Amino acid sequence: MSKFRFRDLEAGAGDKILPLLFQILYTNMSQIATWEGTYKDDESVWLSYIIPELASGRTKILLMYAGEEIAGYFQYRIQGDTLYADELEIKREYQRTFLFYRFCRHLRQWMP
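All figures in this text were calculated on a predicted structure; none of them were measured in a lab.

On to the overall build of the protein, then. When you go through the protein residue by residue, the secondary structure sums to 3 helices and 4 strands. For the protein, the sequential pattern of α-helices and β-strands runs β-α-α-β-β-β-α. Rg of the C-alpha trace for the protein: 14 Å, near the compact-globule value of 13 Å for 112 residues, within the 12% margin. Taking the principal axes of the C-alpha coordinates as reference, the protein spans close to 40 × 35 × 25 Å. Of all 112 residues assigned to the protein, the portion counted as buried reaches 34%. Summarising the internal contacts of the protein: among those between residues at least 6 apart in sequence, 55% fall at separations of at least 24. Looking at the protein as shown, the accessible area adds up to about 7500 Å², and 53% of this sits on carbon and sulfur atoms. Taking the 14 positively charged and 15 negatively charged side chains of the protein as two groups, their mean positions are separated by 10 Å.

If you want it as structure tokens, here you go:
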């Protein structure tokens with residue numbers, strides 16, 4: 001299994017990364033829910049929400065990597081001393097691996 005690592009989404013990297021994250025979200029959610037619009041319509045709605053949130057600094061994204069591949073992401077907010085987990089998505093092929101365990105260990109290291 002590839003070595004897992006974690007990195008914050010860097011400012012300005014969203015143009016390339018956000019469509020990949022939406023693809024993970026869409027693939028996972030299409031297993032349990034139906035979508036009303038087209039893929040592109042739904043992606044546009046999601047981007048119209050997430051881009052301003054990231055730009056404001058209210059929302060942050062931690063990228064999960066397996067080797068060089070994005071394997072998932074954690075979308076979160078911190079308000080005061082409270083961590084809000086907005087979204088946690090892992091690609092299907094990395095579900096039921098040690099990725100989530102490594103993510104929890106990583107999260108525990110940087111949380112006060």
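So much for the structure itself; the text now carries on.
What the 4 strands build is an open sheet, ordered β1-β2-β3-β4; its pairing is antiparallel. One side of each edge strand has no neighbouring strand; the edge strands of this open sheet are β1 (4-8) and β4 (82-90). Strand-to-strand twist of the sheet, defined as the mean angle between neighbouring strand axes without regard to direction, takes the value 25°. In terms of strand pairing, strand β3 (residues 69-79) meets β4 through 8 bridges, oriented antiparallel. Considered in β4, the bridge of F74 is made with L88. Contacting β2 (60-66), β3 and β4, helix α1 (residues 14-29) crosses the sheet at an angle of about 95° to β3. Where helix α3 (residues 99-110) meets the sheet, its contacts fall on β1, β2, β3 and β4, and the angle it forms with β1 comes to roughly 45°.

Let's shift gears to the layout of surface pockets. Its boundaries defined by the atoms lining it, the largest pocket holds a volume of some 310 Å³. What lines the largest pocket is a set of 16 residues, among which L9, E10, A11, L54 and A55 lie closest to the centre. Of all the elements in the fold, those that place two or more residues in the lining of the largest pocket are α1, α2 (39-56) and β2. Residue composition of the lining of the largest pocket, grouped by class: 8 nonpolar, 4 polar and 4 charged.

Here the focus is the packing of α1 against α2. Two elements in contact, α1 and α2, have axes separated by 10 Å at closest approach and are oriented at 120°. For the element pair α1 / α2, the angle class is oblique. Seen along the crossing, α1 lies across α2 with a hand that is right-handed. Across the interface between the two elements, L18, P19, L21, F22, Q23, L25 and Y26 of α1 pack against Y39, D42, E43, W46, L47, I50, I51 and L54 of α2. When grouped by side-chain class, the residues that make up the contact of α1 with α2 number 12 nonpolar, 1 polar and 2 charged.

Analysis parameters
- Residues numbered from 1 in each chain as written.
- Predicted model: local features only at pLDDT ≥ 70, side-chain atom pairs only at ≥ 80, totals over all residues.
- Heavy atoms only, no water.
- Helix = DSSP H or I, 4+ residues; strand = E, 2+ residues; numbered from the N terminus.
- Rg over C-alpha atoms; globule rule 2.2 N^0.38 Å.
- Buried < 20%, exposed > 50% of the residue type's maximum accessible area, 1.4 Å probe, protein only.
- Contact = heavy atoms within 4.5 Å.
- Areas by Shrake-Rupley, 256 points an atom, 1.4 Å probe, with all protein chains shown as cover.
- Lys, Arg positive; Asp, Glu negative; His and termini not counted.
- Charge placed at Lys NZ, Arg CZ, Asp CG, Glu CD.
- Pairing = 2+ DSSP bridges.
- Axes fitted to C-alpha atoms, helices over the stretch in contact; angles between N-to-C directions.
- 1 Å grid on protein atoms, 1.4 Å probe; cavity = no way out; pocket = protein on both sides within 12 Å on 5 of 7 lines; lining within 4 Å.
- Points joined across faces, edges and corners; volume = space filled by probe spheres on them.
- Nonpolar A, V, L, I, M, F, W, Y, C, P; charged D, E, K, R; others polar.
- Parallel < 35°, antiparallel > 145°, perpendicular 65-115°, else oblique.
- Left-handed = near helix turned anticlockwise from the far one by under 90°.

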